[in-house]
Amino acid sequence: MTKVTMTINGKSVSGEVEGRTLLSSFLREDLHLTGTHIGCDTSQCGACVVHVDGKPVKSCTMFAAEADGADVATIEGQANEDGSLNVIQAAFQEHHGLQCGFCTPGMVMSAAALLKDNPKPSEAEVREYLEGNICRCTGYHNIVKAIMAASGQDVSAIAAE
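The structure presented is a predicted model; accordingly, all values stated were derived computationally and were not measured. (Residues numbered from 1 in each chain as written. Predicted model: local features only at pLDDT ≥ 70, side-chain atom pairs only at ≥ 80, totals over all residues. Heavy atoms only, no water.)

Enquirer: Explain the pattern of salt bridges residue by residue, including any values.
Expert: Per the stated rule, a full pass over the model turns up two salt bridges. Put simply, Glu 18 and Arg 20 hold a salt bridge, and the shortest N to O gap is 2.8 Å. The salt bridge partner of Glu 123 is Arg 127, with a shortest N-O separation of 3.2 Å. A residue pair is termed a helical-turn pair when its members lie 3 or 4 positions apart in one helix, as Glu 123 and Arg 127 do in helix H4 (residues 123-129) at four residues. Residue classification places Glu 123 among the partly exposed residues on the basis of a relative accessible area of 33%. Overall, Arg 127 belongs to the partly exposed group, its relative accessible area being 33%. (Salt bridge = Lys/Arg side-chain N within 4 Å of Asp/Glu carboxyl O. Helix = DSSP H or I, 4+ residues; strand = E, 2+ residues; numbered from the N terminus. Buried < 20%, exposed > 50% of the residue type's maximum accessible area, 1.4 Å probe, protein only.)

Right, here's the structure in full:
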């Protein structure tokens, strides 16, 4: 067993992990942060996206020990300080960017990373950025619309699907 210490959503946490423990498993099973979903365990679906030192990472592809000393942000840390939805989460709600919700945490985390690097992305840039995230329900249209709305762009001309 290896002791790991990291900052998660602004709070220092420690735990004992086996060398093979994935970051996604550590978050869900040891820390009970179950918003990070595990959809494939093969890095294809993006449901497990978290931020490690400010960069989006599919947490099913990273060992927990690799995050030792890192600053990790999960979906649980995305809400505003008062507990209300942040601008991305609110846009997903307002523009129906979710259905079953399974992919939503990974989509929100990916959207946050995109908007940090590219505050006003085009529709094509949003679609390209989301290529590593799978949604089996929405067809992506409303997810793209929500992300563009969260960036402050006028989405009124984008027809609902």
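Enquirer: Please set out the pairing of strand S4 (residues 55-58) residue by residue, giving values where relevant.
Expert: In summary, the side chains of a regular strand alternate between the two faces of the sheet. Relative to S4, strand S3 (residues 49-52) runs antiparallel, the two sharing four bridges. Residue pairing for S4: Val 52 is matched across the bridge by Lys 55. Between S3 and the antiparallel strand that follows it, S4, lie two residues; Asp 53 among them carries a positive phi value of about 50 degrees. (Pairing = 2+ DSSP bridges.)

Enquirer: Could you give an account of the environment of Cys 60, naming the residues involved and the relevant values?
Expert: Summarising the element assignment, Cys 60 is placed in the loop between S4 and strand S5 (71-73). Between the alpha carbons of Cys 60 and Val 4 there is a distance of 17 Å; along the sequence they are 56 residues apart. When near neighbours in sequence (up to four residues on either side) are disregarded, Cys 60 contacts Leu 22, Ser 24, Asp 41, Thr 42, Ser 43 and Cys 48. (Contact = heavy atoms within 4.5 Å.)

Enquirer: An account of the packing of helix H2 (residues 87-94) against helix H3 (residues 104-117) is needed here, citing residue identities and associated values.
Expert: Running from N to C, H2 and H3 cross one another at 125 degrees; their axes reach a closest spacing of 10 Å. Taken together, the axes of H2 and H3 are oblique relative to one another. Two packed elements cross with a definite hand, and for H2 against H3 that hand is right-handed. In contact with Ile 88, Gln 89 and Phe 92 of H2, H3 contributes Thr 104, Met 107, Val 108, Ala 111, Ala 112 and Leu 115. For the contact of H2 with H3, the residue count by class is seven nonpolar, two polar and no charged. (Axes fitted to C-alpha atoms, helices over the stretch in contact; angles between N-to-C directions. Parallel < 35°, antiparallel > 145°, perpendicular 65-115°, else oblique. Left-handed = near helix turned anticlockwise from the far one by under 90°. Nonpolar A, V, L, I, M, F, W, Y, C, P; charged D, E, K, R; others polar.)

Enquirer: So, the sheet that holds S5: which residues are in play, and what are the values?
Expert: Taken together, the five strands give an open sheet; going across it, the order is S2-S1-S5-S3-S4, and neighbouring strands pair in mixed fashion. The open sheet is flanked by strand S2 (11-17) and S4, the only strands paired with a single partner. Here the strands of the sheet are splayed against their neighbours by 40 degrees on average, with no regard to which way each runs. When strand S1 (residues 2-8) meets S5, the two strands line up parallel, connected through two bridges. From the neighbouring strand, Thr 7 faces S5, where its bridge partner is Asp 71.

Shape descriptors only; they carry no functional weight alone.
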